[in-house]
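This is what each chain is made of:
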Amino acid sequence: MDYLTIRLCDSLWRCGLLKTLRGGDTASGIFLIIIGAIALAASTTIAEGAGGRLHPRTLPMAIGALLVIGGAWLIVYARSPQYRDKEIDWPDRAGWRNWGVALVMMVLYAALMPVLGFILTTFIFVVTFIGYFGKFKFWVALAWGFGTVAFIYLLFIRLLQMEFPAGVFAL
Amino acid sequence: MDAWTMLAQGFASALTPINLLFALIGCIAGTLVGVLPGLGPTAAIAMLLPLTTMLPPAPAIIMMAAIYYGAMYGGSTTAILVNIPGEASSVPTAIDGYQLNQQGRGGPALGISAITSFVAGTIGVVGLTFFAPLLSQVALAFGPPEYFALAFLGLSLIISLSGRALVKGILAAAFGLLTAIIGLDPLTGVARLTFGQPLLMAGIEFVPIIMGLFAISEVLLNVESSVRGILADQKIEWLPSWQDIKETWGAMLRSGFLGFFMGLIPGCSPAVTSFMAYDLERRVSKHPERFGKGAMDAVAAVEGANNATASGGFVPLFSFGIPSGPALAVLLGGFMMYGLQPGPRLMTEQPQLLWTIIASMYIGNVMLLVLNLPLVGVWARMALIPFPILGPLIVAFTFIGAYSLRFQMLDIWIVLLFGVIGYLMRKFGFPVAPMVLAAVLAKMLETSLMQSLVISQGSALIFFTRPISVVFMLVALFFIARGIWLQVKTPSENVALEESDV
């Protein structure tokens, strides 16, 4: 996924689609039209409720329509001659790699939390993140990992009695 | 007896060792709760409520009240230091406070935040002391049409919050509204945009959205450019200077009064007041171009409004037993646990208790200032932690904050999704603040609109036939018209009011 993200972002940038704000606004317009159209389509299935003067679908439908119209306006305006274009400050190749790695780490952190439990995934995430981006000695990352989970455990779990996914430790 | 005599008696009671001790415990707990993202005063008071049963009513209620207003002091800390607004009311603080921190001025921003919280909190308590019976009528004057008009006025701020990217601001707000209306219709209970997913029935909370938009997108932005630390400048200031205080005292007072009056309206959350104070300050500021780029008066205005709203909320609570928000509703539960019913009867039957609580709020404000000012330097040193270490901590605490709202994994996924959306919004020049404001106002806007239309049997004229709502509507329409006029008529890049995109 990491590799694919970098490749996708890189190719979009290379073909110039998202290199400038014009491309960015066009892409945003398309995204908003899709979201608006989904909202509009979903609104038509909303049932009528009892007791209200306003049909429950009115607001979702109005917002969906606004997004479609606004998205279309963004695309049209981005293509007009009076549009003042400028480059988007995208990262370089190494930056995209870091971006992708960080995102994948966060996604794995969230995905593994119900399986391995909050404490263990937090430890792995903190140590891996510091180890990868920090260029510190391994024991530094390890110490921060232990310190973080100890703090979280004592404050949130023991003192505040909050419940987090226990994962394998629930067994 | 007059208010002065009652207040003196209240102080005599509030200054007893046991009341002082529990005020201090409440202030410390409140500060801690405020600092931790996602864990609000409502949860903290609810958690501590059963533990207070062993106490007499005065120290128990003093402690719970202190947690409530103490949380307002701490709420700005993570917003300024690491761009994590733990609640919606801290969003405008994060916008300018984090910029100040990157400029090495996190310490002064935290210091000003503590001082303005003290000033505005005290304004609120003075208002509560001397004008409560007079001002309490405001709470009763608000019905659904007035709430709708107020929410509409709040939404009109989108125009100025959008800066020069008006269309993008409006679209961001529409997207925010769309996310907020997912779930059950507030009046009829019909499921909307849930796509048959039971998890979506309860809707999407705006706190994970805010955390994603600010904290996660900030982490992504920092890793892409291999940032070693969040400080752009190595010159660091630890405490506010007299110049900072001199430049912000006006904002402290203005936001204090605005926040107090808004706090009188039940249901008006500190988030709405914060955005209004931010917008007001930008309009009257001598240097509006700094807003969004690190304006100290913006931090002062938002924090002042936040705290004064909290104090103002005690007026309808003590006068009529009407809680302004969820935290005060739990506090009301605390009163009831002792067989006390806040309202006119409490004022006549238990004046000693009431004035003890009010006096304790003066003392609590001083305690919070004394507690928070020395902590400023300690917190500010967080900016020295290298980003590769700070980054995962930001993510972990953001996840905790989001998860602790409803204990659902869905909220963590929402944080991540909106983290990526926030990142792209920043790259494509979409202002984030209008989206947050719309998401926060959506419930109030929709519920009051539906209730108003039921009252008026479907006529929208109801908003223009009641004195308070018509004033709000006209002010909102004026703001909208003025904002659009400025956009159309002023092509210059130097439109001070409209320049900064936030």
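Nothing here was measured: the structure is a model prediction, and the numbers come from that model.

Chemist: What should I look at first to understand the overall build of chain B in this one?
Modeler: Helix and strand content of chain B: 23 helices and two strands. Its C-alpha radius of gyration of 22 Å places chain B within 12% of the 23 Å reference for a compact globule of 502 residues. Summarising its shape, the C-alpha atoms of chain B cover approximately 60 × 60 × 50 Å along the three principal directions. Counting only residues that meet the buried cut, chain B has 61% of its 502 residues in that class.

Chemist: What should I look at first to understand the environment of Ala-111 of chain A in this one?
Modeler: Note that Ala-111 of chain A resides in helix H4 (residues 93-116). Distance from Ala-111 of chain A to Thr-121 of chain A, taken between C-alpha atoms, is 9.4 Å for residues ten residues apart in sequence.

Chemist: Can you help me understand the environment of Phe-387 of chain B in this one?
Modeler: Relative to the helices and strands, Phe-387 of chain B is located in helix H19 (residues 387-406). If we ignore the near neighbours within four places in the chain, the residues touching Phe-387 of chain B are Asn-222, Val-227, Arg-228, Gly-229 and Ile-230 of chain B.

Chemist: Just checking my understanding: could you explain the packing of helix H2 (residues 17-35) of chain B against helix H4 (residues 57-74) of chain B for this structure?
Modeler: Residues and elements named next belong to chain B. Where H2 contacts H4, the axes come no closer than 6 Å and their chain directions differ by 30°. On the basis of the axis angle, H2 is roughly parallel to H4. The element H2 and its partner H4 pack so that their crossing is right-handed. A class-by-class count of the residues in the contact of H2 with H4 yields 22 nonpolar, seven polar and no charged.

Chemist: Any chance you could explain the interface of chain A and chain B here in plain terms?
Modeler: Interfaces are often described in size by the accessible area the parts lose on coming together. Each partner contributes to the interface: chain A provides 51 residues, whereas chain B provides 48 residues. The set of elements that each furnish at least two residues to the side of chain A that touches chain B consists of helix H2 (21-43), helix H3 (58-79), H4, helix H5 (118-134) and helix H6 (138-159) of chain A. Sort the elements by how many residues they give to the side of chain A that touches chain B and H4 of chain A lands first, with ten residues. Taken together, the residues of the side of chain A that touches chain B break down into 37 nonpolar, eleven polar and three charged.

Chemist: Quick question: what am I supposed to make of the domain arrangement of chain A here?
Modeler: When the domains of chain A are assigned, the result is domain 1 (20-79) and domain 2 (93-170). Computed over C-alpha atoms, the centres of domain 1 of chain A and domain 2 of chain A are 37 Å apart.

Chemist: In this structure, what is going on with the nonpolar core? I would like to understand it.
Modeler: Where a protein is soluble and globular, its nonpolar side chains tend to be buried together. By size, the foremost hydrophobic cluster in this structure holds 208 residues, and its most contacted members are Val-436 and Leu-437 of chain B. Among the domains, domain 1 (20-79) and domain 2 (93-170) of chain A are the pair contributing at least three residues each to this core. In this structure Leu-437 of chain B touches Gly-154, Leu-157, Ile-158, Leu-161, Ala-173 and Phe-275 of chain B, once residues within four positions along its chain are discounted.

Chemist: Please clarify how helix H14 (residues 296-312) of chain B should be interpreted in this entry.
Modeler: Note on helix geometry: an α-helix contains 3.6 residues per turn, so any two residues three or four positions apart are oriented the same way. For H14 of chain B, with 17 residues, the first-to-last C-alpha span of 24 Å sits near the 24 Å given by 1.5 Å per residue. Summarising burial for H14 of chain B: 17 of the 17 residues are buried, a large majority.

Chemist: How should the packing of helix H8 (residues 144-161) of chain B against helix H9 (residues 166-180) of chain B be read in this particular structure?
Modeler: What describes two packed helices is the angle between their axes and the distance between those same axes. Residue and element names in this part refer to chain B. Closest axis-to-axis distance for the H8/H9 pair is 8 Å, and the angle between their directions is 145°. Here H8 runs over H9; the crossing is right-handed. Each of Ile-158, Ile-159 and Leu-161 in H8 lies in contact with H9, whose residues at this interface are Leu-166, Gly-169, Ile-170 and Ala-173. Each residue belonging to the contact of H8 with H9 can be placed in one class, and the counts come to six nonpolar, one polar and no charged.

Chemist: What should I look at first to understand unusual backbone geometry in this one?
Modeler: Keep in mind that most residues, glycine aside, have a negative phi and that most peptide bonds are trans. Residue and element names in this part refer to chain B. For Phe-195, which is not a glycine, the phi torsion comes out positive at approximately 50°. Along the chain, Phe-195 turns up in the loop between strand E2 (191-192) and helix H10 (198-201). Phe-195 sits in the exposed class, given 10 other C-beta atoms within 10 Å. Unlike most non-glycine residues, Phe-407 shows phi in positive territory, near 55°. Among the secondary structure elements, Phe-407 is positioned in the loop between H19 and helix H20 (409-427). Here Phe-407 falls in the exposed class, since 11 other C-beta atoms lie within 10 Å of it.

Reading guide: rules and limits
Residues numbered from 1 in each chain as written. Chains lettered and ligands numbered in written order. Predicted model: local features only at pLDDT ≥ 70, side-chain atom pairs only at ≥ 80, totals over all residues. Helix = DSSP H or I, 4+ residues; strand = E, 2+ residues; numbered from the N terminus. Rg over C-alpha atoms; globule rule 2.2 N^0.38 Å. Buried ≥ 20, exposed ≤ 12 C-beta atoms within 10 Å, placed from the backbone. Contact = placed C-beta atoms within 7 Å. Axes fitted to C-alpha atoms, helices over the stretch in contact; angles between N-to-C directions. Parallel < 35°, antiparallel > 145°, perpendicular 65-115°, else oblique. Left-handed = near helix turned anticlockwise from the far one by under 90°. Nonpolar A, V, L, I, M, F, W, Y, C, P; charged D, E, K, R; others polar. Domains from an automatic or database assignment. Core = buried A, V, L, I, M, F, W, Y, C linked by C-beta atoms within 7 Å. Expected span 1.5 Å × (residues − 1).

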